[in-house]
Amino acid sequence: MQKSNYLVYVLTLSAVAFWGLSYVWMKVVFQYYDPITTMFIRLSLASVFMYTLLAIMGKKEKIQKEDYPAFLALSFFSPFCYFIGESFGLKLVSPTIAAVIIATIPVFTPFLGHFAFGEKITKLNIAGFAISFSGVMIMVLDFEFRFSASPAGVMLLFFAVAAALANILFLKRLAMKYSSTTIIKTQNLLGALFFLPLFLIFDYQKFIQVQPTGELVWALLKLSVFASTLAFMFYTISVRKIGVARTSIFSNLIPVCTAVFAFFLLGEKIDASKIVGMVVVISGLLLTQSLKLSKLRRSAKNAEEITPNAG
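Computed from a predicted structure; not experimentally measured.

J.: Hey, could you run me through the overall build of the chain in this one?
T.: A tally of helices and strands in the chain yields twelve helices and zero strands. Taking 311 residues into account, the globule formula puts the C-alpha radius of gyration at 19 Å, and the chain, at 20 Å, falls close to it. Referenced to the eigenvectors of the C-alpha coordinate spread, the extents of the chain come out at roughly 65 × 55 × 40 Å. Within the chain, the proportion of its 311 residues that are buried is 48%. When contacts within the chain are restricted to residue pairs at least 6 apart in sequence, those whose partners lie at least 24 apart make up 87%. Only carbon and sulfur atoms are counted for the fraction: they give 69% of the accessible area of the chain, which is about 16,000 Å². On the chain, the mean spot of the 27 positive side-chain charges and the mean spot of the 14 negative ones are 8 Å from each other.

Here it is as structure tokens:
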């Protein structure tokens, strides 16, 4: 490993840790606020933080008017629909189960690519999907095939997965024109605006009755700054430096981080079914991504063979 890559891997692991911890931090906030309030405040703070940071750094990028509908659709599916599914689902199941279900997004992505863009589905994609889905079933069903986790919570989390997949359709187009920081800050802002009417209608009266504590404020700040801002920035740097495939392999550790943090910080019980299910899901994810990694390696090797040294 080159010395210049050490920092990149530290940033990648930091992003993974922040996302893993986000499920624990949300559980803390849910003791005070409902999911809609939580997401409205989280996205609002993240938006302010990111716009301020980019303004200080002098990074400004204008969005073209013809791309407004695409940004609205992108933000509607994620963060709005995604966080509705994730946060309400997390209210009903453990952080570990939530993290594992959300981690299956890459397993579904090849099928989205096939139906939306005509991309080829391989046997490894199908095998990875089957293995990962089996792992989820191990975690949410008991030995008599009855739900040991809330069925509604599981359904909501898979709704979040579906929203994330729909988000990819618009993200793929916008990522060709705009930087990741522009996309993320716009998503945060529009996401907060989508949540605003729901917050005012359903949660405002309860919100003003809650006396904020240091624990609550600190958890919201960590969600906004670390999980919704810095984690995305660190992950983007990693993708640019070591590639999508290598970086995405690290993201498979998110459920593991969540399980460890939930055990130590929330006292969540990690039984055998959760451990086995987590291992099976991650195995399926690795199988799915191994093909992508091998293709990128072959492409890089071919590029090195045909590209002259720059001196």
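Having seen the model, we can carry on.
J.: Is there a simple way to think about the nonpolar core in this case?
T.: One broad trend across soluble globular proteins is that nonpolar side chains are buried collectively. Formed by 69 residues in total, the largest nonpolar core has its most connected members in Y23, Y33, Y82, I101, I102, V161 and F195. For this core, the leading source of residues is helix α1 (residues 3-29), giving eleven residues. I102 has contacts with Y23, Y82, E86, L157, A160 and V161, leaving out every residue within four places of it along the chain. Ranked by size, the runner-up nonpolar core spans eight residues in total, among them I63, L174, I183 and L190.

J.: So what exactly am I meant to see when it comes to the layout of surface pockets here?
T.: Leftover empty space is mapped by rolling, across the atoms, a probe with the size of a water molecule. Computed from the structure, the second largest pocket encloses a volume of approximately 250 Å³. Lining of the second largest pocket is provided by 14 residues; of these, K59, S180, T181, M233 and R240 occupy positions nearest its centre. At the level of secondary structure, the elements contributing two or more residues to the lining of the second largest pocket comprise α2 (35-57), α8 (180-209) and α9 (214-242). Of the residues in the lining of the second largest pocket, the class split is four nonpolar, five polar and five charged.

J.: In this structure, what is going on with the packing of aromatic side chains? I would like to understand it.
T.: In this description, an aromatic ring pair is defined by two values, namely the gap between the centres and the angle between the planes. What the rule picks out here adds up to 24 aromatic pairs. Relative to F194, the ring of F76 has its centre 5.8 Å away and its plane inclined at 70°; by these criteria the two rings are edge-to-face. Remark: F194 occurs in helix α8 and F76 occurs in helix α3 (residues 68-92); sequence separation between them is 118 residues. Its relative accessible area of 33% is what places F76 among the partly exposed residues. Take F194: its relative accessible area is 26%, and that puts it in the partly exposed class. Residues F129 and F133 carry aromatic rings whose centres are separated by 5.9 Å and whose planes lie at 20° to one another, so their mutual orientation is stacked. Here F129 and its partner F133 are both found in helix α6 (residues 123-140), four residues apart, which amounts to about one turn of the helix. Look at F133 and you get partly exposed, because its relative accessible area is 35%.

Cut-offs used in this document
- Residues numbered from 1 in each chain as written.
- Predicted model: local features only at pLDDT ≥ 70, side-chain atom pairs only at ≥ 80, totals over all residues.
- Heavy atoms only, no water.
- Helix = DSSP H or I, 4+ residues; strand = E, 2+ residues; numbered from the N terminus.
- Rg over C-alpha atoms; globule rule 2.2 N^0.38 Å.
- Buried < 20%, exposed > 50% of the residue type's maximum accessible area, 1.4 Å probe, protein only.
- Contact = heavy atoms within 4.5 Å.
- Areas by Shrake-Rupley, 256 points an atom, 1.4 Å probe, with all protein chains shown as cover.
- Lys, Arg positive; Asp, Glu negative; His and termini not counted.
- Charge placed at Lys NZ, Arg CZ, Asp CG, Glu CD.
- Core = buried A, V, L, I, M, F, W, Y, C linked by side-chain atoms within 4.5 Å.
- 1 Å grid on protein atoms, 1.4 Å probe; cavity = no way out; pocket = protein on both sides within 12 Å on 5 of 7 lines; lining within 4 Å.
- Points joined across faces, edges and corners; volume = space filled by probe spheres on them.
- Nonpolar A, V, L, I, M, F, W, Y, C, P; charged D, E, K, R; others polar.
- Phe/Tyr/Trp six-rings, centres within 6.5 Å; stacked < 30°, edge-to-face > 60°.

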